[in-house]
Amino acid sequence: MEHIRTPKVEKVRLLDRSSGQRKVSIGTLYLSATHTIFVENNPETRKETWVLHSMVSSVERPPTTPAGSQLILRCKDFRVFQILIPQERDCLDVHASLVRLSRPEKYSELYCLSFNPNANKEERQESWSFIDLMADYKRMGVPNNLWVSTAANSEYRVCDTYPSELFVPRSATPATIVGSSRFRSRGRFPALSYFHQDTLAAVCRCSQPLSGFSGRCQEDEVMLQAVMKSNPGSDFIYVVDTRPKLNAMANRAAGKGYENEDHYTNIKLQFIGIENIHVMRSSQQKIIDVGEMRSPSMTDFLWGLENSGWLKHIKAILDAGVFITRAVADEGVSVLVHCSDGWDRTAQACSVASILLDPFYRTIKGLTVLIERDWVSFGHKFSHRYSHLDGDPKEVSPVIDQFLECVWQLSEQFPCAFEFNERFLIAIHTHVYSCQYGTFLGNCQKERRDMRLRERSHSVWPQLWKDRAEFTNPLYKAELSQSQGILRPNTTPYCFKMWKGLYNHVEKSTPPRQSPADFLSAVREESQQLEEELTNHQEKIAALTGKPITWENIEVPRRTRHLRYRHSGPDPPTFADPITSPAHENTRTLSSEPANRKAQTQDPSHSPPVGLQLDPEDLSACSDLESGVADLSSRSSSGGDDSKDPDLE
Amino acid sequence: MEFSEHIKTANVEDVELRQPLHPPSRGTLCITGHHLLFSDREEGSSRQVLLLLRNIDAIEKSVENLLGYTSFFSHAGHSERTSGSSGTITIKCKDLRVLQLDIPGMEQCLNIAHSIETLSCLDNVSEMYPFFYRPTDLNPQSHRGLSAMETYYGQTKELHERWRLSSVNRAYSVCPSYPPAVIVPNSTDDDVLKRVAKFRQGGRFPVLCYYHRKNGMVIMRSSQPLTGANRKRCKEDELLLQAVIDGSDKGYIIDTRSSQQVQQARITGGGFESKSFYDRWKRLHRQMEKGKALQESLIKLVEACSDESHNMDRWLSKLENSKWLSHVQTALSTAGLLAECVERDGHSALVHGSEGTDCSLLISTLAQLIMDPCCRTLEGFLGLLEREWVEAGHPFQQRCAHSAYSHARLQQESPVFLLLLDCVWQLWRQFPLALGFSEALLLRLATEVYASDYGTFLCNSDQERSALGVKENTYCLFRALLRPTERDIYLNPLYEPTELAIWPSVHPQSLQLWKGFFLRWTQQTRHLEEVQEEIRNMVIEWGKLALS
């Protein structure tokens, strides 16, 4: 609390820029130890907006205007708030507090560690046992006579960024493992990521070898040989270097690099060309800017998209996954994946490959297991990459954002193949950044153990699992052909599009589009209920008459539906967005939701359309297509005054 | 003319056909006056491909003369000159499908290619297939029935107080591209209409095309006024427009050209409604591309979609460069503007560009879909197309003579109707529950408009169709689509009627490439079709349960 100079400021104006809001709301701003809270003055709504300090990525202070001093809050989930504070002194205080609060220096300042961990002790302990990685290895058939568990890394002796429990080829001796790890960046020796039972081929991961121009290491060569031997069906392995070849070569000069095909027998080296974290960081900034453009023309938008390079990077990652999948599933050849340190691009490539190879990872439970394995346990540096603490900005990069987006792009291509929906991916994205739970804290397993996170915080997964109804894709059907077996995506550029749901809050909250998914969820739910009822009735009837009845032959006329579903038409924006507030609400409304919606519906803020104010004789104004466009979309956002509230019906 | 003149080789055996989404197959190829027929000769399968020659946009042939190797083939014992040669014909269709035929025998290959080239672009309408098509489960179009405009007038009782059905054009003498019956203000008599027609390009005087029940406002459409360089005026035209907004303080004119283009149009005799003579009317300009620019845009987009370089930058830049999505954006935002004028601002509007046969129809149709729940059902939408496109005189024959693959010199081709379908698809995607018809309908229409068994899209106007007896001698597509056997495919299982206007978002992120059409023949679209199937099943299942 010592960082909060002014806990409360009145007569503050807030504009939620990212939700496409055009009207400023006036209210009171509170600073708590964990949240910035804005409460609207309007006695009817008293809408509250909560922003977790750890979600704030930057606080800007543009020049003071006559109306007061401004702050612009940019969040890690791409929301943007504009705040106008009447007194400059208050503004300076709030600014200083927020700058400090949004950049915690110690883990203990984070939300998940800031309350009593023993309040729900049992629940907490249980939450950590929700995911059992060993059970997943067992599910894929490991250990077996090819892959065995090794104790080499217990107590993190060999590699401090690896998990303590690992699987290696049966023929790899402890000496081989230790020798190999000495020859690998950060000691990250080849270990099993995924075992494909159908072909007995495996996906393994490691970091780059410390080969320089001519270095070699016998144990490492033996290790790769052992990986090959653990796949009886093939006489070579692919080594996938996910970096562009040029980068890999440059690393040689620093005593690192890639495997020399002359030294390793039976390997085939393949470069994929995923760019490094710095390129990705600036690329994401560009696509955020594209998402924030107010009323771009189609040309501006497509140029921005091309110029950001973002989709190109997403495609490269997906291509890496496709390459590994083909090798493992079609050729039956094992693959060893690495990049430089083996914790960013390698995690991306391996986890995308798992998604493509195994339908289990396309379920809600499966995705959580996959993230826990390839990301959390294998030492993806969450706290550095997602700046949980104030640190080196060069370490920050949207690595897991890209993985989640790959999954989203796949789900767009195979809408029936995934058990979860877009909201689930966005919820994970939010939690990776928010530190509401201990799951993603720290940079590796050892760090988490040393912090005793399991005793001090909760795991996020049971929470998400509890809300799974919200995250279920109604179209998912395990029996469908596209849900089964190997996923073979098309990676032609036209298959990729910008992930609107993540980057563009303006669009997300403008006329809430009709969502067939929500409708179908309702249909599916009702169907299940009806089916249950039917079974009940049948049983009753059967009990009464002693004869079972069937309903298959009944003619079905089309009936009008009276289902409740989320959006029936152009209704006003909803504010309690479940995507951004799955666990602890970021945005809450005091009044009951329908009432709030109604208040929105009656919003009389209809300015005459810009387009209609144009003087037709004025050339410059007339050629202004965008104003018409902007106008139209904004007007849609203000909601039809004649719109009905589906929830009230 | 006899078709047989053009068919030197009617049958070829042992042809290999390669088509998207299917493995290659071998069989017999047969050419008739209107079709290309391929029947599979594999054991146990009897697959047939029947392709309307009219659907073929371009063909490319390459023959390989293997005379040097004849010795290898001589035991086959056929004609010495051609036995060892073969040829490949690549057929690019107007529905964007690409087929390849490997034909043994160079001469046969050339004959087939020649027949396709000639028969696929016959100009004579009465020789086209719709005049020969005889489905067993349909009755011919009854030529005694009401026109769509008369039906609309009949259904819209609210109109009758101030509007009348005029038959001034019954002999197509006032406006050759209008239907015989049009709706005009009660207070305007036929003599006035005749004079107004002289003042509007192609005689397309302002007629009513939509009545908004909620507030009694209307949408009119016409062609440009012929004011010319001297700012000519026409008292009757001014009176007619005055009569339209009688009782209201103003109306909007949406001109689908920029104000610069409008000024230039005066030099060639066209022009615009000047503020000084039409003081109650407010003009809004929205420049919309049409004609050649639109055709070229389509060509570029189709080319971009077939680029296999796997280069993201190249794809995005080609997509941008085609401008197709910009055209979609402009069309939807202009239609949105029109709907705003009528629904939100509560005023009547007149729409025109220059001829009033392309963009005006496009945006009046879209605006009606946005505002009027009645035209969002399957029947309603087909009725709207009949009224606003077929009867309103969109020159289908000129606009759809060729599509994106054709090598022929561009003439009057322009994919305005395709642009409409794309825009409707965008609406359908943004409001998946609000439209009563399915994507399959839009795809079917996109195919039929270029090549059809039915007479609906033949000719350029009602007059032409009546002169050729199209209605008496061909079958109507719209009716065929409503047959019980077909309509199920074209209904949207998620349809949930809403009285509300559906305002589309025209933000670039909300508009997408219409994959179902432009990438129709790729595996990707298959997955999406599977989804539609799944949705249909779910809803049917649920319906069953709900009933029992």
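One structure accompanies this document, and this report is about it.

1. Thoughts on the overall build of chain B
Phase 1 of the analysis: Scanning chain B from N- to C-terminus turns up 20 helices and 14 strands.
Phase 2 of the analysis: Taking 548 residues into account, the globule formula puts the C-alpha radius of gyration at 24 Å, and chain B, at 26 Å, falls close to it.
Phase 3 of the analysis: Referenced to the eigenvectors of the C-alpha coordinate spread, the extents of chain B come out at roughly 90 × 65 × 55 Å.
Phase 4 of the analysis: Residues classed as buried in chain B amount to 62% of the 548 residues present.
Phase 5 of the analysis: A separation of at least 24 residues holds for 72% of the contacts in chain B among residues at least 6 apart in sequence.
Phase 6 of the analysis: Total accessible area computed for chain B in this model is approximately 20,800 Å², and 49% of it derives from carbon and sulfur atoms.

2. Considering unusual backbone geometry
Phase 1 of the analysis: Going from V142(A) to P143(A), the amide bond is cis rather than trans, its omega being 5°.
Phase 2 of the analysis: Tracing the sequence through the fold places P143(A) in the loop between α3 (133-139) and β8 (147-150).
Phase 3 of the analysis: Positive phi, close to 60°, is recorded for D14(B), a residue that is not glycine.
Phase 4 of the analysis: The residue D14(B) is located in strand β1 (residues 11-18) in this model.
Phase 5 of the analysis: The exposure class of D14(B) is partly exposed, given its relative accessible area of 43%.
Phase 6 of the analysis: The phi torsion at H310(B) lies on the positive side, around 60°, for a residue other than glycine.

3. Structural notes on the sheet that holds strand β6 (residues 86-93) of chain B
The strands making up a sheet associate through hydrogen bonds between their backbones, and the pairing can be parallel or antiparallel.
Residues and elements named next belong to chain B.
Phase 1 of the analysis: If you walk across this open sheet you meet the seven strands as β4-β3-β2-β1-β7-β6-β5, and the pairing is antiparallel. One side of each edge strand has no neighbouring strand; the edge strands of this open sheet are β4 (48-52) and β5 (56-64). Direction aside, the axes of adjacent strands within the sheet are offset by 30° on average.
Phase 2 of the analysis: Direction of pairing for β1 relative to strand β7 (residues 98-104): antiparallel, over a ladder of three bridges. Counted as the bridge partner of L17 is L101 from β7.
Phase 3 of the analysis: Seen against the sheet, helix α2 (residues 106-119) touches β1, β2 (25-31), β3 (35-40), β5, β6 and β7 and runs at an angle of roughly 165° to β5.

4. Let's talk about the pattern of salt bridges
Phase 1 of the analysis: Summed over the entire model, instances satisfying the criterion amount to 56 salt bridges over all chains.
Phase 2 of the analysis: For R100(A), the salt bridge goes to E109(A), with nearest N and O atoms at 3.1 Å.
Phase 3 of the analysis: Assessed through its relative accessible area of 27%, E109(A) is described here as partly exposed.
Phase 4 of the analysis: Residues R399(B) and D358(B) are paired through a salt bridge, measuring 2.8 Å at the closest nitrogen-oxygen approach. Of this pair, R399(B) sits in helix α12 (residues 396-399) while D358(B) sits in the loop between β14 (348-352) and α10 (359-371), and the two are 41 residues apart along the sequence. The exposure classification of R399(B) matches that of D358(B), with both residues buried.
Phase 5 of the analysis: In the salt-bridge network here, residues are joined through shared partners; they are D136(A), R139(A), R205(A), D358(A), R373(A) and D374(A).

5. Some details on helix α4 (residues 174-182) of chain A
Phase 1 of the analysis: When we look at burial in α4(A), the residues that qualify are T176(A), I177(A), G179(A), S180(A) and S181(A).
Phase 2 of the analysis: At its buried positions, α4(A) is contacted by β8, β9 (166-169) and α5 (218-229) of chain A.

6. Quick word on the packing of helix α4 (residues 190-199) of chain B against helix α5 (residues 235-244) of chain B
Residues and elements named next belong to chain B.
Phase 1 of the analysis: Contact geometry for α4 and α5: axes closest at 8 Å, N-to-C directions at 110°. Taken together, the axes of α4 and α5 are roughly perpendicular relative to one another. Seen along the crossing, α4 lies across α5 with a hand that is left-handed. Where α4 abuts α5, its residues V192, L193, R195, V196 and F199 lie against E236, D237 and L240.
Phase 2 of the analysis: Broken down by class, the residue content of the contact of α4 with α5 amounts to five nonpolar, no polar and three charged.

7. Examining the side chain of T176(A)
All names here are of chain A.
Phase 1 of the analysis: With respect to the secondary-structure elements, T176 resides in helix α4.
Phase 2 of the analysis: Residue classification places T176 among the buried positions, given a relative accessible area of 8%.
Phase 3 of the analysis: Looking at T176, its side chain comes within polar contact range of the side chain of T173, at 2.7 Å.
Phase 4 of the analysis: The contact partners of T176, leaving out residues within four places of it in the chain, are E219, V222 and M223.

8. With respect to the side chain of E273(B)
Residue and element names in this part refer to chain B.
Phase 1 of the analysis: Looking at the secondary structure, you find E273 in the loop between α6 (259-267) and β13 (281-285).
Phase 2 of the analysis: Its relative accessible area of 2% is what places E273 among the buried residues.
Phase 3 of the analysis: Polar contacts involving the side chain of E273 include one to the side chain of R200, which spans 2.9 Å.
Phase 4 of the analysis: Only 2.9 Å separates the side chain of E273 from the side chain of H352, close enough to count as a polar contact.
Phase 5 of the analysis: When residues no more than four places from it in sequence are discounted, the contact partners of E273 are R200, P225, L241, I253, Y278, R283, L350 and H352.

9. Remarks on the sheet that holds strand β11 (residues 217-221) of chain B
All names here are of chain B.
Phase 1 of the analysis: Taken in spatial order, the five strands make up an open sheet running β10-β11-β14-β12-β13, and their pairing is mixed. A strand with exactly one partner marks an edge of an open sheet, and here the two such strands are β10 (207-212) and β13. Taken pair by pair, the neighbouring strands of this sheet meet at an average axis angle of 20°, ignoring direction.
Phase 2 of the analysis: Direction of pairing for β11 relative to β14: parallel, over a ladder of three bridges. Of the residues in β14, the one forming a bridge with R221 is V351.
Phase 3 of the analysis: In the packing of helix α3 (residues 148-155) onto the sheet, contacts are made with β10 and β11, and the angle to β10 comes to roughly 35°.

10. Examining the packing of aromatic side chains
Residues and elements named next belong to chain A.
Phase 1 of the analysis: What the rule picks out here adds up to 35 aromatic pairs over all chains.
Phase 2 of the analysis: Between Y162 and F189 the ring centres are 5.3 Å apart and the planes differ by 75°, which places this aromatic pair in the edge-to-face class. Taken together, the positions of Y162 in the loop between β8 and β9 and F189 in the loop between α4 and β10 (191-196) put the pair 27 residues apart, joining distant regions of the chain.
Phase 3 of the analysis: Residue class for Y162 comes out buried when judged on its relative accessible area of 0%.
Phase 4 of the analysis: Looking at F189, the relative accessible area reads 0%, which means it is buried.
Phase 5 of the analysis: Consider the rings of Y162 and F378, whose centres lie 5.3 Å apart with planes at 85°: the pair is edge-to-face. With Y162 in the loop between β8 and β9 and F378 in the loop between α11 (364-377) and α12 (382-385), this pair connects stretches of sequence that are 216 residues apart.
Phase 6 of the analysis: Residue class for F378 comes out buried when judged on its relative accessible area of 0%.

11. Thoughts on helix α1 (residues 88-101) of chain A
Residues and elements named next belong to chain A.
Phase 1 of the analysis: The end-to-end C-alpha distance of α1, which contains 14 residues, comes to 20 Å, matching closely the 20 Å that a straight helix rising 1.5 Å per residue would cover.
Phase 2 of the analysis: Of the positions making up α1, those classed as buried are D90, C91, D93, V94, H95, S97, L98, R100 and L101.
Phase 3 of the analysis: On its buried face, α1 is in contact with β1 (8-16), β2 (25-31), β3 (35-40), β5 (56-60), β6 (69-75) and β7 (80-85).

12. Thoughts on the nonpolar core
Phase 1 of the analysis: Formed by 248 residues in total, the largest nonpolar core has its most connected members in I371(A), F403(A), L445(B) and F518(B).
Phase 2 of the analysis: Among the elements that make up this core, the one with the highest residue count is helix α9 (residues 310-331) of chain A (12 residues).
Phase 3 of the analysis: Non-local contacts of F403(A), meaning those with residues more than four positions away in its chain, are made with S351(A), V352(A), I355(A), L367(A), L370(A), I371(A) and W375(A).
Phase 4 of the analysis: I31(B), V49(B), L99(B) and I116(B) belong to the second largest nonpolar core, which has 26 residues in total.

13. Thoughts on the state of the cysteines
Residues and elements named next belong to chain B.
Phase 1 of the analysis: Summed over all chains, the structure comprises zero disulfides over all chains.
Phase 2 of the analysis: A disulfide-free cysteine, C341 has its sulfur positioned 13 Å from the sulfur of C209, the nearest such atom.
Phase 3 of the analysis: Here C375 stays free of any disulfide, with the sulfur of C374 as its closest cysteine sulfur at 7.1 Å.

Procedures and definitions
Residues numbered from 1 in each chain as written. Chains lettered and ligands numbered in written order. Predicted model: local features only at pLDDT ≥ 70, side-chain atom pairs only at ≥ 80, totals over all residues. Heavy atoms only, no water. Helix = DSSP H or I, 4+ residues; strand = E, 2+ residues; numbered from the N terminus. Rg over C-alpha atoms; globule rule 2.2 N^0.38 Å. Buried < 20%, exposed > 50% of the residue type's maximum accessible area, 1.4 Å probe, protein only. Contact = heavy atoms within 4.5 Å. Areas by Shrake-Rupley, 256 points an atom, 1.4 Å probe, with all protein chains shown as cover. Pairing = 2+ DSSP bridges. Axes fitted to C-alpha atoms, helices over the stretch in contact; angles between N-to-C directions. Salt bridge = Lys/Arg side-chain N within 4 Å of Asp/Glu carboxyl O. Parallel < 35°, antiparallel > 145°, perpendicular 65-115°, else oblique. Left-handed = near helix turned anticlockwise from the far one by under 90°. Nonpolar A, V, L, I, M, F, W, Y, C, P; charged D, E, K, R; others polar. Polar contact = N/O pair within 3.5 Å; in protein donor to acceptor, adjacent residues only side chain to side chain. Phe/Tyr/Trp six-rings, centres within 6.5 Å; stacked < 30°, edge-to-face > 60°. Expected span 1.5 Å × (residues − 1). Core = buried A, V, L, I, M, F, W, Y, C linked by side-chain atoms within 4.5 Å. Disulfide = S-S within 2.5 Å.

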